[in-house]
Every structure is written in C-alpha cells, then in structure tokens.
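# Tertiary structure, described
One letter stands for each residue in the lines below.
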Amino acid sequence: MHFGRHLLAEAGRCQYGQHFFDYRAAKNGLKQDVASSDAAGSAFQAVVESELHRVSQFYSQTISKLEAQLDSIGDHAKQPEETIKIAEALQKEVQELTRFAALTYVAVVKIIKKRNRHLRETCGSAANTSMHALDLLVGEVFFTSPRLANLQTRLELLGKAGLSKQSRRQPDTASQLLEDYTCPVCLDVLHNPVVLTCAHRFCWGCIVAHCSACDNDVQCSSSSSVTTTPTSSSAVGGQEEKKVQAAGTPRRLLDALQDGELGTPSFYPCPVCRKPQLRDIDGLQVDASLESFIANLQQMSVTAASHSSSTTTTRAMVRAGTAAAVTRQVRQHAISRTSHGSSSRCSRSRGMAATAPTAAGTTTHMAA
C-alpha cells in the first residue's frame with residue numbers, strides 16, 4: 001500500500017535516485033482520469049510514457065559511459081592496481097544501475113495494476129482495463145536490452161582472470177571455477193553460453209528448448225487467441241515453431257505469471273528468476289568472451305589434471321625406486337655378513353687342524 005514511499009526511500013539510498021521513475025506523478029495522472037471519468041486513462045498514459053522515455057534515455061547514456069570505462073581498462077593492463085580500482089568502481093555502479101532498472105520495472109507493474117483497478121471502479125465496463133505492463137515495457141531498453149547483463153559478465157570475467165592463472169600451479173582451481181559456469185537447466189558446463197537480460201546464463205540449446213516448452217504451454221492454455229504453426233526442425237534450433245498471434249491479443253505481464261498463469265508467445269520467463277524475456281530466438285547471441293573463458297578453464301583443468309597425474313606417478317616411481325635400492329642394500333649387507341661369518345669359521349677350523357699334530361707330539365714325548 002505504501003510502495004510510493006518505499007520507492008522514494010530507495011531513491012534516497014541510490015546514487016541514481018534523481019532519475020527514478022516518478023511514481024507520484026503517475027498517481028496524479030491517474031487521479032485526473034478518475035476525476036474526469038476518462039475511461040481511456042489518457043492523462044495517466046501520457047505521464048507513464050514520458051517517464052519511461054526519460055528512464056530509458058538515462059539508462060542508455062549510463063550504460064554507454066560504463067562500457068567506455070570498461071574498455072579503457074585495457075590501457076591499464078600493465079598497472080594491476082589501477083585495473084582493480086577501476087573494476088571495483090564499475091562493479092558498484094553496475095549494481096546500482098541493476099537495482100535502478102529492477103525498481104523501475106516493479107513501479108510500472110504496480111502502477112498499471114492500480115490504474116486498471118481504479119478505472120474499473122470508476123467507469124465500470126466502459127473502462128479500458130486491457131493495459132498491461134509489458135505493453136509499455138516492450139519498447140524500453142532498460143527492460144529488454146542485454147547490455148547491462150553483458151557488462152556484468154565482462155566484469156566478472158575480469159575479476160576471475162587472475163584466479164584462472166593460478167590453475168596452472170594449483171590443479172583444483174580451474175575445476176572449482178568451472179563449477180560457477182554450469183547451466184541451471186542441464187546442470188552441465190555451459191555450452192554456447194547465452195546471457196539473458198537478468199544476467200542468468202544458459203546453454204543456447206537449453207534456452208531454445210525452454211522457449212519451445214513455454215510456447216507449447218501457451219498453445220494448450222490459450223488456443224483461442226493464439227495459433228501455432230509448427231515448422232521443420234533446423235540444426236541451429238530456435239525455429240521449431242512459428243507463432244502467429246491474433247490481432248488485438250494483449251500481452252501478458254509478470255504479475256500474471258506470479259498468479260500461476262502462463263506467458264504469451266511474445267515473452268518467455270527466465271527459468272531461474274521468472275523475469276519476462278522478449279521472445280527473440282534469432283536475437284539470442286552466444287557470449288564470445290564467456291565461451292572463450294570457459295574453454296580456457298576446461299583446457300587448464302585437463303592440463304592441470306594431467307600434470308598432477310604425471311607428478312603423482314613420478315613420485316610413486318621415486319618412492320618405488322628408493323624402496324628397491326634399500327632392499328638391495330639390505331640384501332647385500334646380509335650376503336656380506338653371511339660371507340664374513342663363513343670365512344671366520346673356516347679360519348678357526350684350519351687353526352685347530354694345524355695345532356692338533358703339535359699337541360699329539362708333545363703327549364708322545366712326555367710319555368717317553
């Protein structure tokens with residue numbers, strides 16, 4: 001009930017607070033429509049569209065600035081301290097911008113619900129209550145553009161680049177890093193990774209299959225408004241089904257998904273966070289930087305494992321060789337002691353034999 005106050009409080013804590021969606025202005029526009037019994041909600045729509053345009057413009061400018069700063073890190077490649085400093089500052093700004101975009105999205109969903117409810121109560125069946133948040137957000141870059149998610153990914157890879165180098169010396173490092181790059185759908189290491197606008201990552205094939213599954217669900221639940229024309233499968237995927245949406249069919253929004261309903265052919269929910277994603281299979285691009293990083297980690301993991309196995313084998317051989325040498329020394333010592341003992345016994349025997357005649361002669365002489 002007090003979302004407007006909450007939004008103002010968040011704006012006060014965010015460095016981009018002065019650029020937040022003006023929720024209060026949208027409420028004032030709605031009050032004008034209710035007071036004039038405007039079933040179309042003209043004043044409200046004008047305010048909301050103006051605010052969304054302003055938010056998207058600021059978002060685009062900020063993203064361009066952050067991308068330029070990240071590109072400039074290459075100029076400080078030989079200065080690690082400067083690189084870390086810039087990367088940390090960028091990470092904070094990216095987090096702030098992510099929160100800015102998320103709160104704007106929630107504000108639009110909330111105010112559209114409020115608008116439909118108040119116009120229905122005021123104008124009854126004459127009110128146009130078919131407006132949905134996605135009708136307005138589908139053309140806004142802060143909601144549909146993957147630039148922020150790609151920026152987050154680049155910063156993450158930059159931070160982990162140093163750790164990946166340690167895998168050359170520490171066999172377990174590469175394997176541990178790879179655990180952070182698994183697909184939530186197939187639970188395997190990402191293959192042809194795709195980053196959605198919410199920054200969640202999936203295999204290209206897994207997200208295409210997810211889209212197809214969502215399309216099939218929509219076809220079963222709303223066949224009266226949507227016609228599905230199946231097409232032949234292709235090697236690259238993404239064109240398994242062709243959607244033909246009936247004219248005038250309104251787009252659905254996230255609150256419908258939260259109420260347990262299904263999406264529409266225009267959007268599909270992220271398998272992790274359920275944020276609506278614009279259904280543009282042909283526009284899904286494999287993140288080349290992420291793909292290269294994962295490939296390097298896999299190669300390092302194999303090399304490190306091979307090196308570890310070789311080192312273990314060498315140590316085992318050394319230990320085995322040392323044990324064999326000790327055994328030989330023990331045997332030689334035993335043989336030496338045996339030989340020495342035999343020589344001593346032979347010497348004593350010969351001495352006794354030499355003294356025996358002398359003793360006999362002495363006895364004979366004494367007898368005589």
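Residues numbered from 1 in each chain as written. Predicted model: local features only at pLDDT ≥ 70, side-chain atom pairs only at ≥ 80, totals over all residues. Heavy atoms only, no water.

### With respect to helix α2 (residues 23-35)
Inclusion rule: Labels follow the DSSP assignment, with helices taken as runs of H or I lasting at least four residues and strands as runs of E lasting at least two, numbered in each case from the N terminus. One less than the number of residues in a helix, times 1.5 Å, gives the span that helix is expected to have. Each residue gets one of three labels from its accessible area relative to the maximum for its type: buried under 20%, exposed over 50%, partly exposed in between, using a 1.4 Å probe on protein chains only. Note: the arc covers the axis-to-C-beta directions of the helix.
Taking 1.5 Å as the rise per residue, α2 with 13 residues should run 18 Å; its terminal C-alpha atoms sit 19 Å apart, in good agreement. Those residues of α2 not exposed but buried are Tyr23, Ala26, Gly29, Leu30 and Asp33. The buried residues of α2 all sit within an arc of 120 degrees when viewed along its axis, so they share a single face. In α2, those exposed residues whose orientation departs by more than 90 degrees from the buried face are Arg24, Lys31 and Ala35. The positive-phi residue at the C-terminal boundary of α2 is Ser37, with phi of around 55 degrees.

### Here we look at the confidence of the model for the chain
Put simply, the rule is: As a per-residue measure, pLDDT tells how confident the predictor is, with possible values from 0 to 100. In this analysis, two residues are considered to be in contact whenever any of their non-hydrogen atoms come within 4.5 Å of each other.
Considering every residue of the chain, the mean pLDDT works out to 74; 64% of them sit at 70 or more. Within the chain, the element-level pLDDT minimum falls on strand β4 (residues 241-245), averaging 32, and the maximum on strand β2 (residues 201-203), averaging 95. In the model, residues 220-265 has pLDDT below 50 throughout and makes 74 contacts with residues more than four positions away in sequence or in other chains. Across residues 355-368, where pLDDT falls below 50, the model places zero contacts with residues more than four positions away in sequence or in other chains.

### Regarding the packing of aromatic side chains
Here is the rule we go by: Side-chain rings of Phe, Tyr and Trp, where Trp is taken by its six-membered ring, are said to pair if the distance between their centres is within 6.5 Å; with planes under 30 degrees apart they count as stacked, over 60 as edge-to-face, and otherwise as tilted.
By the definition in use, this model includes six aromatic pairs. For the pair Tyr105 and Phe143, a centre-to-centre distance of 5.2 Å together with 25 degrees between the ring planes defines the contact as stacked. Of the two residues, Tyr105 sits in helix α4 (residues 80-123) while Phe143 sits in helix α6 (residues 141-144), which places them 38 residues apart along the sequence. A single burial state applies to Tyr105 and to Phe143, both of which are buried. Ring centres of Tyr181 and Phe293 lie 5.6 Å apart, and the angle between their planes is 65 degrees; on these two criteria the pair is classed as edge-to-face. Of the two residues, Tyr181 sits in the loop between α8 (171-178) and β1 (193-195) while Phe293 sits in helix α11 (residues 288-367), which places them 112 residues apart along the sequence. The class of Tyr181 is buried, set by a relative accessible area of 0%. Judged by relative accessible area, Phe293 falls into the buried class, the value being 10%. An aromatic cluster of three or more residues is present, and its members are Tyr16, Phe20, Phe58 and Phe100.

### Some words on helix α1 (residues 3-13)
For α1, every residue scored as buried is listed here: Phe3, Leu7, Glu10 and Ala11. Axial view of α1: buried residues confined to an arc of 105 degrees, hence all on one face. Among the exposed residues of α1, those pointing more than 90 degrees away from its buried face are Arg5, Leu8, Gly12 and Arg13.

### What to know about the packing of α2 against helix α3 (residues 42-71)
A pair of packed helices can be characterised by two numbers: the angle between their axes and the separation between those axes. To keep things clear, this is the line we draw: Between N-to-C directions, angles span 0 to 180 degrees; the directions come from axes that are lines fitted to C-alpha atoms, helices contributing only their stretch in contact. By definition in this entry, angles of less than 35 degrees are roughly parallel, angles greater than 145 are roughly antiparallel, angles of 65 to 115 are roughly perpendicular, and the rest are oblique. Here a crossing is called left-handed whenever its near helix is offset anticlockwise from the far helix by less than a right angle, and right-handed whenever the offset is clockwise. Just so you know the grouping, Ala, Val, Leu, Ile, Met, Phe, Trp, Tyr, Cys and Pro go in nonpolar, Asp, Glu, Lys and Arg go in charged, and all remaining residues, Gly too, go in polar.
In contact at an axis separation of 7 Å, α2 and α3 are set at 165 degrees when each is read in the N-to-C sense. Between α2 and α3, the angle falls in the class roughly antiparallel. Seen along the crossing, α2 lies across α3 with a hand that is right-handed. Of the residues in α3, those in contact with Ala25, Ala26, Gly29, Leu30, Gln32 and Asp33 of α2 are Ser42, Ala43, Phe44, Val47 and Val48. Looking at the contact of α2 with α3, its residues break down into seven nonpolar, three polar and one charged.

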